[in-house]
Amino acid sequence: MDILFGTISVPTFWKILLFVHFALAIVLLAAVTLQAVAILMPVRQAAGNFINRFSPVPAASYATLIVLLYLPQALMGAWIYVKYRTYVRIPMEGFRHWWTVGSFEFKEHVVTMGLALLPAYWYFWQQPLSEEHAVARKWVTIFLAFTVWYSFVVGHVANDFRGVGS
Amino acid sequence: MTQALDMDQRISQPGRSHVMEAATSRSTTRASQFGTFAITFGIAFAILYTLFERQNWPLFTYHPAINRLDFWKYPGAAEDGPPMFWYGWVVLSAACSAVLGWIATMVSVRWLQRATTFCCVMAALWPAFFALAGVIDERASFNAEFLRSVWVSGIPALVGAAAVSYFVSSRWAQRAWTGWLLFMPIGGLVILGYSLNTYFLR
């Protein structure tokens, strides 16, 4: 770390880390959204409007990618959370941005619940897909998509308060 | 020579199919064991994380301002900066859930599903009775402050959970098993979200 901080300043390092966190979040967001859409609209239709003709990649092929993105994203978020707690949340409370503080507090719980479901989510998407777990697979996937969307939006709002480009 | 090879392949076919069946069976068992672990882990993690957060039982406390780690709950002095408990809740929940998940792979599925029903019903009833006790205490004409104790509301929750897990059919317990995987995190988020209402009602 000392070698790294000799090359770039500490604030720049954290801003780069935050940007990587954001960039990976975009990829994760795209993957969970496409998978959620694929399981909500599983029937492929050759004709019709754009929505009806929308034929995403088979939902199962996203599962490993989502696990491989979710886990490092959560770990990276946990690392950045240290700086949030000391350099962002305290001034946020000072400016009485209670909704932002509360939403971010809830974000840590939402991400944790998503992490808890990750092994089961991965298991449900293993080939051959089990018909027995079809309902659980669908709702766990939607729940995971919700956790990613919520975290993205709230993280973005917190970043706007004090982060990259704020 | 070719015929001899063909013959040899035909003879060895039954033996090979046995080996393949055994290998498939082993991999299916392993997958099924991982499934049992993963589902139990998810349910247990959601319940335990909610419990540890609400009771504030972290495995350790991190003080980011001074980069120090303390065992269990240690708010520290004011000059140490804000303490962080979240890491401690997550690590403790993950460790306990992993142990429970591992135990789950060693017990019978029927017993596991019934035990899961018991734990999940109890996890749902306990905060419900606790909230109800709060309402009774507010509205009762007599002194019902003793109802505010977490342990008092635990008694009807325990009885209710025991009754439900005893009377439900094995088929229902089996069908509900993966359902708890979703209900417990959502229920946990409702409780944790409600606990943050001070931020939203200021």
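Remember, predicted model here, so these are calculated numbers, not experimental data.

Analysis parameters
Residues numbered from 1 in each chain as written. Chains lettered and ligands numbered in written order. Predicted model: local features only at pLDDT ≥ 70, side-chain atom pairs only at ≥ 80, totals over all residues. Heavy atoms only, no water. Helix = DSSP H or I, 4+ residues; strand = E, 2+ residues; numbered from the N terminus. Buried < 20%, exposed > 50% of the residue type's maximum accessible area, 1.4 Å probe, protein only. Contact = heavy atoms within 4.5 Å. Areas by Shrake-Rupley, 256 points an atom, 1.4 Å probe, with all protein chains shown as cover. Core = buried A, V, L, I, M, F, W, Y, C linked by side-chain atoms within 4.5 Å. Pairing = 2+ DSSP bridges. Salt bridge = Lys/Arg side-chain N within 4 Å of Asp/Glu carboxyl O. Buried area = accessible area lost by both parts, 1.4 Å probe.

*Asks:* So what exactly am I meant to see when it comes to the overall build of chain A here?
*Replies:* When helices and strands are tallied, chain A shows six helices and zero strands. N-terminal to C-terminal, the α/β element order of chain A is α-α-α-α-α-α. For chain A, the residues scored as buried account for 48% of the 166 residues in total. A separation threshold of at least 6 residues defines the contact pool for chain A, and within that pool the share at least 24 residues apart is 74%. For chain A, the computed accessible surface area is about 8,700 Å², with 71% contributed by carbon and sulfur atoms.

*Asks:* I tried to follow the nonpolar core on my own but got confused; where do I start?
*Replies:* The nonpolar side chains of soluble globular proteins are, as a tendency, buried together. Counting residues in each nonpolar core, the largest one holds 83 residues, and the members touching the most others are A:Tyr121 and B:Tyr87. For this core, the element with the most residues is helix H5 (residues 98-124) of chain A, which contributes 15 residues. Those residues in contact with A:Tyr121, other than ones at most four positions away along the chain, are A:Gln35, A:Tyr62, A:Ala63, A:Ile66, A:Val67, A:Val140, A:Thr141 and A:Leu144. Judged by nonpolar contacts, the second largest core, of five residues, contains A:Phe13, A:Trp14, A:Leu17 and A:Met76.

*Asks:* When you look at the pairing of strand S2 (residues 68-71) of chain B in this model, what are you seeing that I'm missing?
*Replies:* On any regular strand, side chains alternate: one points to one face of the sheet, the next to the other face. Residues and elements named next belong to chain B. By the bridge criterion, four bridges tie strand S1 (residues 60-63) to S2 in an arrangement that is antiparallel. Paired with Phe60 across the strands is Phe71, a residue of S2. What sits between S1 and S2 in their antiparallel hairpin is a turn of four residues, with Asn67 showing a positive phi close to 50°.

*Asks:* Got a minute to help me understand the pattern of salt bridges in this structure?
*Replies:* A side chain with one charge can pair with a side chain of the opposite charge if their charged atoms come near. Considering all chains together, one arrives at five salt bridges over all chains under this definition. Taking the shortest distance from any N to any O, the salt bridge between A:Glu93 and A:Arg89 comes out at 2.9 Å. With a gap of four residues between them, A:Glu93 and A:Arg89 both fall in helix H4 (residues 63-94), about one helical turn apart. A residue is classified by how much of its surface remains accessible, and A:Glu93, at 24% relative accessible area, is partly exposed. With a relative accessible area of 10%, A:Arg89 lands in the buried category. In this structure, B:Glu53 and B:Arg54 form a salt bridge, with 3.0 Å as the shortest nitrogen-oxygen distance. Overlapping salt bridges, with partners in common, bring together A:Arg89, A:Glu93 and A:Glu105 in one network.

*Asks:* Help me out: how do you make sense of the interface of chain B and chain A in this one?
*Replies:* Often, the extent of an interface is quoted as the loss of accessible area upon association of its parts. With 36 residues of chain B at the contact, the number on the chain A side is 31 residues. Taking both sides of the interface into account, the surface hidden between chain B and chain A amounts to around 3,000 Å²; carbon and sulfur atoms contribute 81%. Our enumeration of links across chain B and chain A arrives at zero salt bridges. Those elements that place two or more of their residues in the side of chain B that touches chain A are helix H1 (2-55), helix H2 (86-104), helix H5 (170-195) and helix H6 (197-200) of chain B.

*Asks:* For this particular structure, what's the right way to read unusual backbone geometry?
*Replies:* Negative phi values dominate among residues other than glycine, just as trans dominates among peptide bonds. Across the junction of A:Gln127 and A:Pro128, the peptide omega takes the value -5°, indicating a cis bond. Structurally, the position occupied by A:Pro128 is in the loop between H5 and helix H6 (134-161). Here B:Asn67, not a glycine, exhibits a phi torsion of approximately 50°, which is positive. With respect to the secondary-structure elements, B:Asn67 resides in the loop between S1 and S2. One non-glycine residue with positive phi stands out, namely B:Trp72, at about 60°. Its place among the elements puts B:Trp72 in the loop between S2 and H2.

*Asks:* Honestly, the side chain of A:Thr100 in this entry has me stumped. Any pointers?
*Replies:* One can find A:Thr100 in helix H5. Residues in contact with A:Thr100, not counting those within four places in the same chain, are A:Met92, A:Val157 and A:Ala158.

*Asks:* Can you walk me through the environment of B:Thr198 in this structure?
*Replies:* Looking at the secondary structure, you find B:Thr198 in helix H6. As a C-alpha pair, B:Thr198 and B:Gly160 span 38 residues in sequence and 31 Å in three-dimensional space.

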